[in-house]
Amino acid sequence: KICLCWMRRDLRLEDNAALYHALKSGFPVVPVFIFDTNILDDLEDKRDRRITFIYTTLENMQAQLIKKGSGLDVFYGTPQQAFDHYLTRYDVQAVFANQDYEPYAIARDAAISKHLQEKNIALHFYKDQVIFEQSEVMKDNGEPYTVFTPYSRKWKSLLTNFALKNYPCDKYASSFFQQAPPALPSYQQLGFIETDKHFPGSKPADAIIQHYDKTRDYPALDQGTSRLGVHLRFGTISIRTLARKALQLNETYLNELIWREFYQMILWHFPKVVTESFKAQYDNISWRNNTAEFEKWCKGETGYPIVDAGMRQLNTTGFMHNRVRMITASFLTKHLLIDWRWGEAYFGVKLLDYDLAANNGGWQWAAGSGCDAAPYFRIFNPYLQTTRFDKELKYIRHWVPELDTLQYPPPIVIHEAARKRALAVYEAGIKP
Ligand code: FAD
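Residues numbered from 1 in each chain as written. Predicted model: local features only at pLDDT ≥ 70, side-chain atom pairs only at ≥ 80, totals over all residues.

Under the annotation held in an unreviewed UniProt entry, the protein carries the name Deoxyribodipyrimidine photo-lyase and is attributed to Chitinophaga costaii. What the UniProt record of the protein gives under Sequence similarities (unreviewed entry) is the line "Belongs to the DNA photolyase family." (UniProt positions renumbered as here; feature names shortened; annotations may be inferred.)

A word on the UniProt feature "site: Electron transfer via tryptophanyl radical" (unreviewed entry) in the protein. The positions UniProt marks with the feature "site: Electron transfer via tryptophanyl radical" (unreviewed entry) are W287, W340 and W363. Summarising the element assignment, W287 is placed in the loop between α12 (251–269) and α13 (291–299). W287 gets classed as partly exposed once you count the C-beta atoms within 10 Å, which come to 17. Ignoring any residue separated from it by four or fewer positions in sequence, one finds W287 in contact with L337, I338 and D339. With respect to the element layout, W340 can be found in helix α16 (residues 340–350). W340 has contacts with T333, W363, Q364, A366, A367 and S369, leaving out every residue within four places of it along the chain. (Helix = DSSP H or I, 4+ residues; strand = E, 2+ residues; numbered from the N terminus. Buried ≥ 20, exposed ≤ 12 C-beta atoms within 10 Å, placed from the backbone. Contact = placed C-beta atoms within 7 Å.)

Moving on: the site of the ligand. Around the ligand lies a shell of 27 residues, among which T225, S226, G229, N359 and G362 are the nearest. For the shell around the ligand, the secondary-structure elements that each account for two or more residues are α10 (229–234), α12, α15 (322–335) and α17 (356–367). Ranked by the residues each element gives to the shell around the ligand, the list is headed by α17, at 6 residues. Each residue belonging to the shell around the ligand can be placed in one class, and the counts come to 13 nonpolar, 7 polar and 7 charged. When residues are assigned to domains, the shell around the ligand turns out to be shared by domain 2 (130–165 + 205–269) and domain 3 (274–427), each giving three or more. (Near = placed C-beta within 6 Å. Nonpolar A, V, L, I, M, F, W, Y, C, P; charged D, E, K, R; others polar. Domains from an automatic or database assignment.)

Below is the structure:
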């Protein structure tokens with residue numbers, strides 16, 4: 001008999017809660033990963049860099065496991081098909097996995113749990129991708145928080161050394177099932193094309209975290225923020241390791257990790273945010289939704305250099321600096337009056353660190369429709385933002401080299417007129 005460790009967004013062999021418990025269970029452990037066709041079939045871009053990121057990570061894990069005489073068993077298909085295959089191939093005692101809190105994952109896990117139960121196989125879940133999950137940080141009256149600052153205060157008051165403790169998987173490395181692993185499916189089998197592998201490193205640099213509060217707002221700085229988003233997304237870094245560092249080195253950085261959990265908590269308690277505004281009256285706004293303007297925004301051709309730089313950085317690298325995410329999102333929803341859901345979906349396709357909870361939270365924040373959002377009348381002035389955060393135009397010139405030439409388009413809207421229009425349309429929509 002063996003047990004399976006079903007890896008999802010926890011793609012690492014160290015400090016991994018489910019893997020640790022599987023290795024300690026007394027049964028040899030086969031780690032498995034499913035390239036889920038329910039997810040892959042929805043990805044239109046066959047050069048999606050996230051597939052290359054996952055694939056490269058799996059290859060690294062495979063190499064580490066082979067050194068231990070074991071291997072990762074990777075399946076391509078639906079989770080149901082995958083488990084039917086695994087149950088034929090192995091004599092399975094139990095399955096271990098880490099919790100995943102997104103709506104699709106919840107439905108998937110419930111279905112697989114039921115399927116396994118019918119065969120008398122237990123599926124055990126563990127908390128791994130957050131320090132505090134779901135309902136662990138609640139108001140004294142038992143309700144979920146909808147404002148960040150009191151949430152973060154409570155979060156910090158609940159923090160113990162135990163919550164940050166490392167799971168020493170290495171101690172039990174001899175418990176991996178010994179076998180020559182089946183080969184990974186090829187990119188061709190997956191229906192994707194391998195992209196470049198210019199991904200940020202997964203080791204948090206102390207210096208970046210230490211100076212984070214002073215550097216984080218300047219998009220021209222390569223080392224101004226940690227670039228760990230993609231690693232937190234796929235679990236190639238442990239949140240406990242990172243939170244311990246943040247606690248030692250920089251409170252502002254720790255607060256960002258708490259924002260991440262805040263939005264995950266919001267998504268859990270208010271799943272309607274996936275399609276609806278958190279503040280219902282914001283769904284009465286008469287968006288202009290001009291498709292030609294949306295296209296220009298996507299391509300980085302709005303004639304607003306800071307907006308265009310951000311969109312081009314996103315299109316080229318799969319990353320956009322947080323300050324610029326706020327500016328581009330505010331510009332789309334306020335200056336162009338395009339529904340935040342359009343922008344959210346575009347970021348969802350392009351961002352390497354795409355995360356449903358954080359992306360939805362960020363967009364609803366910028367649109368003013370979210371919990372604890374920017375007030376609707378706060379309309380970022382892209383020129384002022386540039387003076388404050390990219391004064392020497394270093395970031396802008398990098399992404400918009402034709403800035404001073406006739407090739408660069410004139411502004412798609414005039415700032416002051418667009419600001420007034422946004423105020424009028426927002427007020428007409430949200431006022432009772
Ligand atoms: P750092 O600044 O080094 O921060 C460290 C980590 O803290 C991040 O990797 C992230 O996990 C977390 N974090 C930081 N800021 C936030 C925040 N505001 N909300 C939630 N978590 C945060 N973040 C995503 O991870 N995925 C998204 O899809 C996403 N979409 C966004 C969309 C918009 C419109 C906005 C305004 C923000 C979005 N963010 C998203 C939040 C933030 O911009 C990114 O987390 C950050 O820019 C990633 O870069 P970094 O790893 O260098 O972050």
